[in-house]
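Report on the structure
Here's the letter readout for the chains.
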Amino acid sequence: MTHINQNFLKLPGGYLFPEISRRVKAFSAQNPPMPLIKLGIGDVTLPLAPAVVEAMAKATEEMGRRETFRGYCEETGCAYDFLRFAIQGSYRDCGVEIADDEIFVSDGAKSDCGNIGDIFSVDNVVAVCDPVYPVYVDTNAMAGRAGDFDGEKWTDLVYLPCTAENGFFPALPQGKVPDLIYICSPNNPTGTAATKEQLKTWVDYANAHGSIILYDSAYEAFITEPGIPHSIYEVEGAGTCAIEFRSFSKTAGFTGTRCAYTVVPKALEREGVSLNALWSRRQGTKFNGVSYVVQRAAEAVFTPEGRAQTRENIAYYLNNAKVIKSGLEQAGLTVYGGVNAPYIWARTPEGVGSWDFFDTLLHKACVVTTPGAGFGPAGEGYIRLTAFGGAEATEEAVERIVKLL
């Protein structure tokens, strides 16, 4: 008889966002009094930048001619040289030197954050921030590293509380030493960003204990304040303890186009083995690369025109974040984030649970948010809102919430 992966049966309920979708669909079927405004899932709404579209169109034409047609991408890191060199140049902009063969292009940071576990033993101890992007937790649970779910937490994970009291950045763990440490900055869901000094503490810890930091910097393009690092490799010593994930999804609106990249330094070794070589082997076996058309589109993001146009889109979303943040504060809520990230993290009214407040805003204001409890135990008592909606819809949603509260 065929046996299944029993770890999947340990997962509680469904993934967070399908559950939100289920509730929204059920409510919509009841003919809500106002049009729904969705500030829950972090999906972009602005179209791709003109420079990106032009590059895609040109690449599509190339695919229609025999002399310029491309088949499998057999180059290093499942990426064409032109894109790896463009990414390499973007790192130089923040003072970081990355070799081109340390860059691996993929279809999404979500995929890489989950798939990176393939190169690590199931016996490794995993640490996650709390609240946390659910993919870090669920993929490790599927692999068998999380233990059992006790109704609130996974028994084998090391939870690193991120609260208002510690500025939503975790303190070093006491007791069990984690082997794999997930850190996201700017953070999803709290919208806060780590300083170089805060990251240095973790880099030193990881190097001292032989741990690996899995650093998700998918939102680095939203950083506005000086002194906030865009890459963990700006921190001395990170090259021997950190893997970095980046994405074009929020930076350039590629949520439906799909392109991202992961950096694995060649200096990063454990047990005498190169993690760069292991990840290259994994990707070469399980992944055939992002399409030529999409890679040309991604390359265009780094052109002068592409940079200017994508910065305009980011500014648009950050203005939405400012509107949400100020509006919720006007309504009397305590609010975090929204300055260096497209996410706003708001404390619910005293005594009101995350899912209860989610339902209240859905049913009485017709505004979709994300309950903080869906991101982990420390997320209880908060909701997350995204700045990726249209400007007019965002303003109306805030007006509805203010009026309700």
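The structure this text deals with has already been given above.
If you're wondering where the values come from, they're calculated on a predicted model, not measured in any experiment.

Strand direction decides the pairing type here: strand β3 (residues 126–130) and strand β4 (residues 158–161), joined by four bridges, are parallel. Bridging across to β4, Val-128 finds its partner in Tyr-159. After leaving β3, the chain enters helix α5 (residues 134–143) and then returns to the sheet as β4, a path that is right-handed.

A word on the nonpolar core. Most often, soluble globular proteins keep nonpolar side chains buried together rather than apart. Ranked by size, the top nonpolar core spans 54 residues in total, and within it Leu-83, Ile-213, Tyr-233, Phe-248, Phe-254 and Cys-259 carry the most contacts. Counting residues per element, this core draws most heavily on helix α9 (residues 292–301), at seven residues. By size, the runner-up hydrophobic cluster in this structure holds 30 residues, among which are Ile-119, Ile-212, Leu-268 and Leu-275.

Sheet architecture is open: four strands sit in the order β11-β12-β15-β14, paired in antiparallel fashion. Looking at strand neighbours, the two that pair on one side only are β11 (335–337) and β14 (370–371), the edges of this open sheet. The pairing of β14 with strand β15 (residues 382–386) spans two bridges and is antiparallel. Each bridged residue has a counterpart across the sheet, and for Thr-370 the counterpart in β15 is Arg-384.

Another point: the state of the cysteines. Summed over all chains, the structure comprises zero disulfides. Cys-113 takes part in no disulfide bond, and the closest cysteine sulfur, belonging to Cys-184, lies 7.9 Å away.

We now examine the pattern of salt bridges. Throughout the structure, instances matching the rule amount to 18 salt bridges. The partner of Lys-10 in a salt bridge is Asp-148, and the shortest N-O contact between them spans 3.3 Å. Taken together, the positions of Lys-10 in the segment before α1 (16–28) and Asp-148 in the loop between α5 and β4 put the pair 138 residues apart, joining distant regions of the chain. Since its relative accessible area comes to 32%, Lys-10 is described here as partly exposed. Taking relative accessible area as the criterion, Asp-148 reaches 42% and is therefore assigned partly exposed. A salt bridge links Arg-246 to Glu-220; the nearest nitrogen and oxygen atoms lie 3.7 Å apart.

Locating Ser-211 in the fold gives a position in the loop between α6 (196–209) and β6 (212–216). With relative accessibility at 1%, the residue Ser-211 sits in the buried group. Excluding residues within four positions of it along the chain, Ser-211 makes contact with Val-177, Pro-178, Asp-179, Ile-181, Tyr-205, Ala-206, Cys-241 and Arg-270.

Here helix α11 (residues 354–365) is 12 residues long and its end C-alpha atoms lie 16 Å apart, about the 16 Å a rise of 1.5 Å per residue gives. Those residues of α11 that sit buried are Ser-354, Phe-357, Phe-358, Leu-361, Leu-362 and Ala-365. For α11, the angular spread of the buried residues around the axis is 135°, confining them to a single face. Of the residues in α11, the exposed ones pointing more than 90 degrees away from the buried face are Asp-356 and Lys-364. The inward-facing, buried residues of α11 contact α1, β13 (367–368), β14, β15 and α12 (391–404). Directly beyond the C-terminal end of α11, a positive phi value near 55° is found at Cys-366.

Okay, the packing of aromatic side chains next. Between two aromatic rings, the relevant description is the distance of the centres plus the angle of the planes. In the structure shown here, the tally under the stated rule is 20 aromatic pairs. Measuring from ring centre to ring centre gives 4.7 Å for Tyr-136 and Tyr-182, while their planes differ by 20°; the resulting arrangement is stacked. Highlighted residues: Tyr-136 in helix α5 and Tyr-182 in strand β5 (residues 180–184), separated in sequence by 46 residues. Both residues of the pair, Tyr-136 and Tyr-182, count as buried. Residues Phe-248 and Tyr-261 carry aromatic rings whose centres are separated by 5.5 Å and whose planes lie at 55° to one another, so their mutual orientation is tilted. Within this pair, whereas Phe-248 is found in the loop between β7 (242–247) and α7 (249–252), its partner Tyr-261 is found in strand β8 (residues 260–263), the two being separated by 13 residues in sequence. Side by side, Phe-248 and Tyr-261 carry an identical accessibility label, which is buried. Linked through ring pairs, Tyr-219, Phe-222, Tyr-316, Tyr-317, Tyr-343 and Phe-388 together constitute an aromatic cluster. Positioned over the ring face of Phe-85 is Arg-84, at 5.9 Å from the centre of the ring.

Helix length check: α12 (14 residues) gives 20 Å between terminal C-alpha atoms against 20 Å at 1.5 Å per residue, within 8%. Those residues of α12 that fall on the buried side of the exposure criterion are Thr-394, Ala-397, Val-398, Arg-400 and Ile-401. Angularly, the buried residues of α12 cover 160° about the axis, an arc narrow enough to put them on a single face. Residues of α12 that are exposed and point more than 90 degrees away from the buried face comprise Glu-392, Glu-399 and Lys-403. Residues of α12 that are buried in the fold lie against β1 (37–38), α10 (304–330), α11, β13 and β15.

Parameters and conventions
- Residues numbered from 1 in each chain as written.
- Predicted model: local features only at pLDDT ≥ 70, side-chain atom pairs only at ≥ 80, totals over all residues.
- Heavy atoms only, no water.
- Pairing = 2+ DSSP bridges.
- Helix = DSSP H or I, 4+ residues; strand = E, 2+ residues; numbered from the N terminus.
- Right-handed = clockwise from strand over helix to strand, strands pointing away.
- Core = buried A, V, L, I, M, F, W, Y, C linked by side-chain atoms within 4.5 Å.
- Buried < 20%, exposed > 50% of the residue type's maximum accessible area, 1.4 Å probe, protein only.
- Disulfide = S-S within 2.5 Å.
- Salt bridge = Lys/Arg side-chain N within 4 Å of Asp/Glu carboxyl O.
- Contact = heavy atoms within 4.5 Å.
- Expected span 1.5 Å × (residues − 1).
- Arc of directions from axis to C-beta.
- Phe/Tyr/Trp six-rings, centres within 6.5 Å; stacked < 30°, edge-to-face > 60°.
- Lys NZ or Arg CZ within 6 Å of the ring centre and 35° of its normal.

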